[in-house]
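# Coordinate inspection notes
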Amino acid sequence: MLVAAVAVALLLAPAAPNPVDAPESAASKPEAGRISIEVVGADAAAVGAAVGVRLRGFEVVEEPGPRGFAVRIVVAEDGSAVVDVRRGADRWTRELRDLTGDLEQEVATATANLVTTLSYEGVPEPPAAEPEPEPELVPTEPEPEPTAELEPEPTEPEAEPPDERPPWGITVTTAPVVHLELLDRRPTIVSGIGGQLGAQLRHDSGAVLHAALRASGRDYTRGIGLLRLRVALGAGYVHAVGPWRLGVVGALTAEPWWPLRGGRRIDVQRNATLVRPAPMLGGVLRLVAGRLFGREGAPVRARLGPLLEVSGSASPDGGVPELQVAGTRGETTSLGHFGGLEIALGVELGLEIIRP
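Criteria and cut-off values
Residues numbered from 1 in each chain as written. Predicted model: local features only at pLDDT ≥ 70, side-chain atom pairs only at ≥ 80, totals over all residues. Heavy atoms only, no water. Helix = DSSP H or I, 4+ residues; strand = E, 2+ residues; numbered from the N terminus. Contact = heavy atoms within 4.5 Å. Areas by Shrake-Rupley, 256 points an atom, 1.4 Å probe, with all protein chains shown as cover. Phe/Tyr/Trp six-rings, centres within 6.5 Å; stacked < 30°, edge-to-face > 60°. Lys NZ or Arg CZ within 6 Å of the ring centre and 35° of its normal. Salt bridge = Lys/Arg side-chain N within 4 Å of Asp/Glu carboxyl O. Buried < 20%, exposed > 50% of the residue type's maximum accessible area, 1.4 Å probe, protein only.

### Structural notes on the overall build of the chain
If you tally the helices and strands in the chain, you get 3 helices and 19 strands. Restricting to contacts in the chain with at least 6 residues of sequence separation, those with at least 24 account for 62%. Carbon together with sulfur atoms contributes 60% to the accessible area of the chain, which is approximately 23800 Å² in total.

### Observations concerning the packing of aromatic side chains
One pass over the full model with this rule turns up 0 aromatic pairs. The residue whose ring lies beneath Arg-291 is Trp-244, and the NZ or CZ to ring-centre distance is 5.5 Å. One residue, Arg-291, lies across the ring of Phe-293, its end atom 5.0 Å from the ring centre.

### Some points on the pattern of salt bridges
Summed over the entire model, instances satisfying the criterion amount to 10 salt bridges. In this structure, Glu-38 and Arg-72 form a salt bridge, with 3.5 Å as the shortest nitrogen-oxygen distance. Of this pair, Glu-38 sits in strand β1 (residues 33–40) while Arg-72 sits in strand β3 (residues 69–75), and the two are 34 residues apart along the sequence. On the accessibility criterion, Glu-38 (40% relative accessible area) is partly exposed. Its relative accessible area of 38% is what places Arg-72 among the partly exposed residues. One salt bridge in this structure joins Arg-86 and Asp-84, with 3.3 Å as the shortest N-O distance. In this structure, a network of salt bridges that share partners links the residues Arg-214, Arg-230, Arg-286, Arg-303, Glu-309 and Glu-348.

Rendered as structure tokens:
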């Protein structure tokens, strides 16, 4: 009887539920959502299908939105893979190495496990964006209107200060001279020996103003002599090349002359009348040549050079003068001509005063 009672009790007791057929609890089932799958380096269709089979609770879409999962799978040539899962601003990455089996299946399994784990762990959803407060309107003062800036007037480049030094320099010269009469047929053609003083005012352009005073004389026979004093005024051009000076000067001349006897001046007899001789008038062409000596830039420098002049002169009373002496018997003896065409030779020494 006891055995029968136990058997009846077992038959009447409700059957235990099969654990295989038991429904999943709410805590064990992942939350349904959207998922997008991107595959690089492998068969995208096969990998996506394998992932979809393993994640039946997810809807595979192209744009999962801010609450869904965006999966990107990159398979490298060496067999490794990287699974990148994003949700909103969150991101998770898993590297898979040494894949030896079916590549698509292993990658799909790893991806499904990662997404399922994130769903089980209750990944916080991105907070809803709060509306930004409207900015407070703060009254602002109106900006001042821009004033037109006056452009500075173009300034010309500063010119070099003008040279305040005077453009003229002066040279004072002296020279012993010998002048020769070219038209006199007498054996002695020296018409005088003397000295000359001169001054030249030279402009920076090379223009020259010239003035000179020459005194010369000659002693004839029987105590007769001749004294000549020539004044020359003219102009010309002198070119300066370093310490050298070279140029030409032309001048007009006036030359008074006096015959002497025993060192005293005597008058000239013309037509039985004693008269004072008229001065000779003419012109001279003078070569200017010389070299400066001394420190360059010094205010005073010495100049040395030859003197060469070609002159022509005549007396307004009767052409080229000829000096004649009357003898005791009434005869006249010519002592020679002077003036006419002459050449003067000498050595000129000067001081060139350079403007400070």
